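Breakdown of the fold
Each chain, letter by letter, is given below.
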Amino acid sequence: MTSLGGVLVVGATSGMGRAIARQLAKEGHPLLLAGRDTQALDELATDIQIRSNTKADCKAFEALDFDSHTEFFDACVEYFGGSLHGVVLCHGQMPEQDVSETDFALARRMIEVNYLSGVSLLNLAAHHFESRKSGFIAAITSVAGDRGRQSNYLYGSSKSALSTVLAGLRVRLAKSQVTVVDVRPGFVDTQLTWGRPGMFLVASPETVAEDIVRGIAKNRAVVYTPFFWRWIMLVIRMVPDVVFRRLSL
Ligand SMILES: NC(=O)c1ccc[n+]([C@@H]2O[C@H](COP(=O)([O-])OP(=O)(O)OC[C@H]3O[C@@H](n4cnc5c(N)ncnc54)[C@H](OP(=O)(O)O)[C@@H]3O)[C@@H](O)[C@H]2O)c1
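Residue positions are given per chain, counting from 1 as you read along its sequence in written order. Two thresholds apply to this predicted model, a pLDDT of at least 70 for residue-level local features and 80 or more for giving and counting side-chain atom pairs, whereas whole-chain, interface and lining totals are computed over all residues.

1. Points about the overall build of the protein
Note the following rule: Starting at the N terminus, helices and strands are each numbered in turn, a helix being any DSSP run of H or I of at least four residues and a strand any DSSP run of E of at least two. In this description the radius of gyration comes from C-alpha coordinates, and the expected globular size is given by 2.2 Å times residues to the power 0.38. With C-beta atoms placed from the backbone, a residue is labelled by how many other C-beta atoms lie within 10 Å of its own: buried for 20 or more, exposed for 12 or fewer, partly exposed between the two.
Looking only at helices and strands, the protein has 9 helices and 7 strands in total. In terms of overall dimensions, the protein is globule-like: its C-alpha atoms have a radius of gyration of 18 Å, near the 18 Å expected for 249 residues. Seen through its principal axes, the protein has C-alpha atoms that stretch 55 × 40 × 35 Å. Expressed as a percentage of the 249 residues in the protein, the buried residues total 41%.

2. As for unusual backbone geometry
Note: most peptide bonds trans; most residues except glycine with negative phi. Residue P226 is reached from T225 by a cis peptide bond, and omega for that bond is -10 degrees. Inspection of the secondary structure puts P226 in the loop between strand 7 (222–225) and helix 8 (229–238). Despite not being glycine, N53 has its phi angle at roughly 55 degrees, a positive value. Locating N53 in the fold gives a position in the loop between helix 2 (38–52) and strand 3 (56–60). Residue N53 is classed as exposed on the basis of its 9 C-beta neighbours within 10 Å. Positive phi, normally seen in glycine, also occurs at N219, with a value near 55 degrees.

3. Notes on the site of the ligand
Applicable threshold: Should the C-beta atom of a residue, placed from the backbone, lie within 6 Å of a molecule or strand, that residue is near it. Only Asp, Glu, Lys and Arg are considered charged in this grouping, and only Ala, Val, Leu, Ile, Met, Phe, Trp, Tyr, Cys and Pro are considered nonpolar; every other residue, Gly among them, is considered polar.
Surrounding the ligand, one finds 28 residues, the nearest of these being S14, R36, A63, G92 and T190. No other element matches helix 1 (residues 15–26), which puts 3 residues into the shell around the ligand. The class makeup of the residues in the shell around the ligand is 12 nonpolar, 13 polar and 3 charged.

4. Thoughts on the packing of helix 5 (residues 104–132) against helix 6 (residues 153–174)
In plain terms, the rule: Here the axes come from fitting lines to C-alpha atoms, over the contacting stretch only for helices, and the angles between their N-to-C directions go from 0 to 180 degrees. Note on angle classes: values under 35 degrees are labelled roughly parallel, values over 145 roughly antiparallel, values of 65 to 115 roughly perpendicular, and the remainder oblique. Here, residue contact means that the backbone-derived C-beta atoms of the two residues sit within 7 Å.
Two elements in contact, helix 5 and helix 6, have axes separated by 9 Å at closest approach and are oriented at 10 degrees. Between helix 5 and helix 6, the interaxial angle falls into the category roughly parallel. The segment helix 5 lies against helix 6, with A107, M110, I111, N114, Y115, G118, V119, L122, A126, F129 and E130 engaging L154, Y155, S158, K159, A161, L162, V165, L169 and L173. When grouped by side-chain class, the residues that make up the contact of helix 5 with helix 6 number 15 nonpolar, 3 polar and 2 charged.

5. Observations regarding the pairing of strand 3
Put simply, the rule reads: Between any two strands, pairing holds if DSSP finds at least two bridges. By convention a crossover is right-handed if, when the strands point away from the viewer, the path from the first strand over the helix to the second runs clockwise.
With 5 bridges connecting them, strand 2 (residues 31–35) and strand 3 associate as parallel partners. Bridge pairing links G35 to A60 in strand 3. For the handedness criterion, the β-α-β arrangement of strand 2, helix 2 and strand 3 is classed as right-handed.

6. Quick word on the nonpolar core
Definition in use: Remark: nonpolar core denotes a set of buried Ala, Val, Leu, Ile, Met, Phe, Trp, Tyr and Cys residues whose joining runs through C-beta atoms within 7 Å.
Membership of the largest hydrophobic core comes to 59 residues, with the highest contact counts inside it found for V9, I20, A21, L31, L33 and I137. In this structure L33 touches V9, A12, A21, L41, L44, A45, A56 and C58, once residues within four positions along its chain are discounted.

7. Comments concerning the packing of helix 1 against helix 2
Threshold: Crossings are sorted by hand: turned counterclockwise from the far helix by less than a right angle, the near helix makes the crossing left-handed, and turned clockwise it makes it right-handed.
At a minimum axis distance of 10 Å, the contact between helix 1 and helix 2 shows a crossing angle of 30 degrees. The angle between the axes of helix 1 and helix 2 places the two elements in the roughly parallel class. Crossing of helix 1 against helix 2: the hand is right-handed. Of helix 2, the residues touching helix 1 (which contributes R18, A21, R22, A25 and K26) are L44, I48 and S52. Its residues assigned to classes, the contact of helix 1 with helix 2 comprises 4 nonpolar, 1 polar and 3 charged.

8. Considering the sheet that holds strand 2
Taken together, the 7 strands give an open sheet; going across it, the order is 3-2-1-4-5-6-7, and neighbouring strands pair in parallel fashion. Only two strands of the sheet have a single neighbouring strand rather than two, namely strand 3 and strand 7. Strand-to-strand twist in this sheet, taken as the mean axis angle between neighbours without regard to direction, amounts to 20 degrees. Where strand 1 (residues 6–10) meets strand 2, 4 bridges bridge the pair, whose relative direction is parallel. Along strand 2, the bridge assignment pairs V9 with L33. Most of the contacts of helix 6 go to strand 6 (residues 179–185), to which it runs at about 155 degrees, and overall it touches strand 5 (136–140) and strand 6.

Here is the structure:
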């Protein structure tokens with residue numbers, strides 16, 4: 001990262017959002033922590049300020065309240081005196097695949113949170129950084145977006161759609177020296193995965209946060225975290241359809 005400007009972390013109450021916020025604070029970035037649970041955000045901000053001696057504050061954000069996004073984003077920019085340096089999107093939902101298959105309202109809500117609210121915020125962030133000709137955008141998608149699997153293709157589709165937006169934005173914003181990072185974690189030990197069956201090679205949020213902040217500093221297009229998921233997903237993408245159909249993935 002070139003300067004220690006202010007960073008907005010959206011979904012900062014998430015397991016990964018908390019760890020990313022702490023990692024950014026360690027590097028000296030002032031933070032604005034956004035999410036639904038303002039009490040939890042307040043506690044996190046206080047904890048970060050004590051541990052890192054870095055300014056941290058919080059801001060209410062509801063992903064599904066699309067009409068509020070412009071005002072929310074403008075207020076965040078204003079908070080940093082018009083010099084927002086980075087945005088990290090960490091919010092997301094992963095309802096059970098079998099329930100999402102029959103409960104369209106649930107599937108729709110997940111798509112709205114994971115994809116549509118991401119598009120809304122990315123548009124606002126892109127416009128801001130494009131005019132400043134600097135800054136970074138990072139959004140957490142998932143390895144689940146790399147190939148549709150019967151166990152989570154609905155969630156995966158919300159993430160692959162967001163990955164496509166990030167890929168296009170990266171090209172658009174390269175001319176303006178803006179870094180755009182698509183973060184694709186494997187399984188991470190957070191509330192999202194607690195108690196779910198079939199988890200393996202589960203990483204800690206802290207490990208993932210270090211990878212993400214390093215990836216932003218190195219202007220990586222796609223960060224698989226931990227790194228070995230790049231190779232696991234390469235193999236999974238290459239499995240022929242006729243074989244893939246027989247796997248209980
Ligand atoms: N854990 C994994 O294995 C894994 C793997 C790959 C990708 N991911 C992705 O990584 C990101 C972070 O997830 P996590 O694992 O750290 O999960 P988490 O701890 O369950 O956090 C989910 C976050 O999303 C926020 N959120 C949900 N619905 C929202 C809404 N309508 N408006 C605003 N915020 C909302 C939650 O806010 P509240 O605190 O208010 O509920 C919470 O901060 C997600 O995008 C997830 O899909 C996770």
